[in-house]
Amino acid sequence: MEKYIINGGNVLNGEVTVSGAKNAAVAIIPATILCDEPCRIENIPNISDVTLIAKILQNLGAKVTRVNKSTLDIDPRPINTYCAVDDSVRGMRASYYLLGALIGRFNNARVAMPGGCNFGVRPIDQHLKGFAALGAECELLNGAIVDAHSDRRMQGTSIYLDTVSVGTTINLMLAAVKAEGQTIIENAAKEPHIVDLANFLNSMGASIRGAGTDVIKIRGVDYLHGITYSIIPDQIEAGTYMAAVAATRGKLLVKNVTPKHLESITAKLREIGVYVEEYDEAVLVDATERRLRRCNLKTMPHPGFPTDCQPQFVALLTTVEGTSIVTENVWDNRYQYVRELLLMGAHISVESRVAIVDGQVPLHGAPVKATDLRGGAALIIAGLVASGTTELSSIHYVERGYEEIVEKLRALGADIKKQYVPEDEAAVTA
Ligand code: EPZ
């Protein structure tokens, strides 16, 4: 058991280099299952979700070699099973990409239901509807394992998604990339990591057009050859540092980013009064001596404001002038972290999908608990601006998605460290 100890009050300044995108990496690593030759994946973030998905591939029989901190060599050829049902599979959400990838390779998949952050109900009905349209019969075994089976190759077809879903769009691309004929996904999600996955598959010889728009057309191919591919920068990690530096009224050059992917975040920061300048692969965020003011913020699928930056912005909005109104349109229960912010003195009221955030309410350090990955990031930001000491527990959530967050924040001037908690003390505070 470990926790973060944060002494608030320091202003963040300097430069930070953003890692590869978690949500692209956790899709591209299982996508290698479809490849007929070994691949090398670069710019992989060194986070626990990546370690876990790489381990799951290894358990399936793939040869996975870590070349350096951010590069993996994956040889998927030895994989000879389509069953992924052990406990590690339940440990993360993105393990559902095994379904699409295994169906794409074997026309069959048997995968344990995914875990991941809890935002209320996280259905996979759209995934299953899509697999069925491609020709796989899907059943839920004992309420815990998805079994998709077919005795022939998937057949290309048109699939209209009832909900704009990142996971479904990715999973159907994986299941259709080697299908017979053409698959059309309508009302597809447009997130940068969907485009990244399409670029990865196309570089191997796939034929996918329209990724990044709401209609994706996939013509099935027989063979995917090995490549070296570098994952895009993490839009959400970048947004987290942008929110953190604004909250502490500092100045930060955020490097290794694609500014286009950050447009909705940049626009919102400018609206509240932060100076943001875009370069080719970096953004400068300057909140020094600026008067920051309230805003309304609504999360939407890309290119709207990302739900994965909502908690970090709520933490920022506690520091600005006026009362902000935040509406969460993607998940029905993504405010669990708010009760922890209340323990730090925040004035936030939540009614269903709307949070009303009073600004300029001084926060004070407190023992708090990460409730999920991005909620944990919001509590770190709150700890950085609070007076006194914040002790953040359940940091395994944060470490699922942020590479070296303590080291990166310390290099910017934050007073944050990781502390080991003996088992018996952890049991008392749990
Ligand atoms: C991905 O989750 C991300 N996870 C999430 O990031 C992110 O919050 C989410 O997309 C939205 O951007 C990964 O990429 C691993 P969805 P995903 O399918 O794919 C409903 C983070 O912090 N829906 O786009 O699971 C669903 O209930 C994580 O990094 C259905 O109704 O999200 C939700 O309301 C957390 N039926 C909406 O669609 C389905 O079959 C969007 O979900 C599937 C989804």
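No experiment lies behind these values; they were computed from the predicted model shown.

Here's the deal with the pattern of salt bridges
Per the stated rule, a full pass over the model turns up 21 salt bridges. The partner of Arg400 in a salt bridge is Asp49, with the nearest N and O atoms 3.1 Å apart. Pair noted here: Arg400 is in the loop between helix H13 (396-399) and helix H14 (405-411) and Asp49 is in helix H2 (residues 48-60), with a separation of 351 residues, a long-range link. Neither Arg400 nor Asp49 differs from the other in exposure class; each is buried. One salt bridge connects Asp75 with Arg77, and the closest N-O pair in it is separated by 2.9 Å. In this structure Asp75 comes out as buried when scored by relative accessible area, which is 15%. Since its relative accessible area comes to 49%, Arg77 is described here as partly exposed. One connected set of salt bridges, linked through shared partners, spans Glu2, Glu399 and Lys418.

Here we look at the packing of helix H4 (residues 97-106) against helix H6 (residues 166-176)
Between H4 and H6, whose axes approach to 7 Å, the crossing angle comes to 15 degrees. Here H6 runs roughly parallel to H4, going by the angle between their axes. Seen from above, H4 lies across H6 with right-handed handedness. Across from Tyr97, Leu99, Gly100, Ala101, Ile103 and Gly104 in H4, the residues of H6 making contact are Val166, Gly167, Ile170, Asn171, Leu174 and Ala175. A class-by-class count of the residues in the contact of H4 with H6 yields eight nonpolar, four polar and no charged.

Some points on the sheet that holds strand S15 (residues 251-255)
On the basis of which strands lie adjacent, the open sheet formed by four strands has the order S2-S15-S17-S16 and mixed pairing. Because the sheet does not close on itself, it has two edges, and the strands there are strand S2 (13-17) and strand S16 (275-278). On average, each strand axis in the sheet is inclined to that of its neighbour by 15 degrees, with strand direction left out of account. Two elements, S16 and strand S17 (residues 282-286), share four bridges in a ladder whose sense is antiparallel. Among the inter-strand pairings, Glu277 is bridged to a residue of S17, identified as Leu284. This element, helix H8 (residues 235-247), spans S2, S15, S16 and S17 of the sheet and lies at about 175 degrees to S15.

Some points on unusual backbone geometry
Leave glycine aside and you will find that most residues have negative phi; peptide bonds, for their part, are mostly trans. A cis amide bond links His302 to the next residue, Pro303, at an omega of 10 degrees. Its location among the elements puts Pro303 in the loop between strand S18 (296-298) and helix H10 (310-317). Even without a glycine there, the phi angle at Gln360 is positive, about 50 degrees. A positive phi angle, close to 55 degrees, is found at Ser394, a residue other than glycine. Along the chain, Ser394 turns up in the loop between strand S23 (389-393) and H13. Relative accessible area serves as the criterion here: at 14%, Ser394 is assigned to the buried category.

About the criteria used
Residues numbered from 1 in each chain as written. Predicted model: local features only at pLDDT ≥ 70, side-chain atom pairs only at ≥ 80, totals over all residues. Heavy atoms only, no water. Salt bridge = Lys/Arg side-chain N within 4 Å of Asp/Glu carboxyl O. Helix = DSSP H or I, 4+ residues; strand = E, 2+ residues; numbered from the N terminus. Buried < 20%, exposed > 50% of the residue type's maximum accessible area, 1.4 Å probe, protein only. Axes fitted to C-alpha atoms, helices over the stretch in contact; angles between N-to-C directions. Parallel < 35°, antiparallel > 145°, perpendicular 65-115°, else oblique. Left-handed = near helix turned anticlockwise from the far one by under 90°. Contact = heavy atoms within 4.5 Å. Nonpolar A, V, L, I, M, F, W, Y, C, P; charged D, E, K, R; others polar. Pairing = 2+ DSSP bridges.

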